[in-house]
Amino acid sequence: MEDLEKLKYPIGHFECPEDITNAHIDQWILDLETLPNRLTILVNDFSETQLDTPYREGGWTVRQVIHHMADSHHHSYARFKWALTENRPLIKVYEEKLWSELIDAKTAPISLSLSYLTALHAKLVYMCKRLTPEDLKKSYIHPEGNVNVSVAENIGKYAWHSNHHFAHIETLAQRKSW
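First things first, this report covers the structure right here in the doc.

The rules behind each value
- Residues numbered from 1 in each chain as written.
- Predicted model: local features only at pLDDT ≥ 70, side-chain atom pairs only at ≥ 80, totals over all residues.
- Heavy atoms only, no water.
- Helix = DSSP H or I, 4+ residues; strand = E, 2+ residues; numbered from the N terminus.
- Rg over C-alpha atoms; globule rule 2.2 N^0.38 Å.
- Buried < 20%, exposed > 50% of the residue type's maximum accessible area, 1.4 Å probe, protein only.
- Pairing = 2+ DSSP bridges.
- Polar contact = N/O pair within 3.5 Å; in protein donor to acceptor, adjacent residues only side chain to side chain.
- Contact = heavy atoms within 4.5 Å.
- Expected span 1.5 Å × (residues − 1).
- Phe/Tyr/Trp six-rings, centres within 6.5 Å; stacked < 30°, edge-to-face > 60°.

Across its full length, the protein chain holds 9 helices and 2 strands. The order of helices and strands in the protein chain, counted from the N terminus, is α-α-α-α-α-α-α-α-β-β-α. Taking 16 Å as the expected radius of gyration for a compact globule of 178 residues, we find that the protein chain reaches 16 Å, a close match to that expectation. Principal-axis analysis of the C-alpha atoms gives the protein chain an extent of 45 × 35 × 30 Å. By residue count, 47% of the 178 residues in the protein chain fall in the buried class.

In structure tokens, the structure reads:
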């Protein structure tokens, strides 16, 4: 069971610091800024067979993980915008497992999502680098548990999410000696 947990969460679960410092924000923004290039370099030479290999038994394929990252970060970008422009809006969740079963997630070229992540992260990083301390305190409500999520915490969550899924692919490549 411990091995399955390590395969599912190779960098562990996200743990938000109680006191989010400027150093946390800066590191998280750097993680977001570097993800598209790091990911592209990692998967650039993968074959179609490698792209269609699950990162763990019963898990998504590399292709699905990459398309999931684009879908998820698309939603995150909207959540940032809502939090910054509305008073604690209740966000809509999406069925990520069902989205990962759609034809584009299973068969589309990864270049579509890699290009999208590059553009999306450039916009996100541009915005995040210019947030004020007041902006970082703004928040949205996540309907699963009615949890308040600040803009600062959301930066951390998506930096973690970037590294989490990058690690899925990287550890698979290491295990397979790709």
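The next subject is the pairing of strand 2 (residues 147-150). Bridging between strand 1 (residues 139-142) and strand 2 involves 4 bridges; their strand directions are antiparallel. Within the sheet, the bridge partner assigned to His142 lies in strand 2 and is Val147. Linking two consecutive strands that pair antiparallel, namely strand 1 and strand 2, is a turn of 4 residues; a positive phi of about 90 degrees is found at Gly145 within it.

Our focus in this paragraph is unusual backbone geometry. Phi is positive for Arg88, which is not a glycine, with a value near 45 degrees. Among the secondary structure elements, Arg88 is positioned in the loop between helix 4 (62-85) and helix 5 (96-99). By relative accessible area, which is 46% here, Arg88 ends up partly exposed. At Asn146, a residue that is not glycine, the phi angle is positive and equals roughly 50 degrees. Considering the arrangement of structural elements, one finds Asn146 in the loop between strand 1 and strand 2. Its relative accessible area of 58% is what places Asn146 among the exposed residues.

Our next topic: the side chain of Ser162. Summarising the element assignment, Ser162 is placed in helix 9 (residues 151-176). At 2.8 Å, the side chain of Ser162 forms a polar contact with the backbone oxygen of Tyr158. In this view, Ser162 contacts Leu32, Leu35, Met69, His73 and His121; residues no more than four positions away in its chain are not counted.

Helical geometry: 3.6 residues make up each α-helical turn, so side chains three or four residues apart lie on a common side. The end-to-end C-alpha separation of helix 4 is 35 Å, in line with the 34 Å expected for 24 residues at 1.5 Å each. Of all 24 residues that make up helix 4, 19 are buried, and the element is covered over most of its length.

The subject of this paragraph is the packing of aromatic side chains. As enumerated under the stated definition, the model contains 3 aromatic pairs in all. Geometrically, the ring pair formed by Phe46 and Trp178 is edge-to-face, given 5.2 Å between the ring centres and 80 degrees between the ring planes. Placement of the pair is Phe46 in the loop between helix 2 (22-43) and helix 3 (48-51) and Trp178 in the segment after helix 9, with a sequence separation of 132 residues. Look at Phe46 and you get buried, because its relative accessible area is 13%. Residue Trp178 is classed as partly exposed on the basis of its relative accessible area, which comes to 34%. Between the aromatic rings of Tyr94 and Trp99, the centroid separation amounts to 4.7 Å while the plane-to-plane angle is 65 degrees, which identifies the pairing as edge-to-face.

That is the geometry; function is a separate question.
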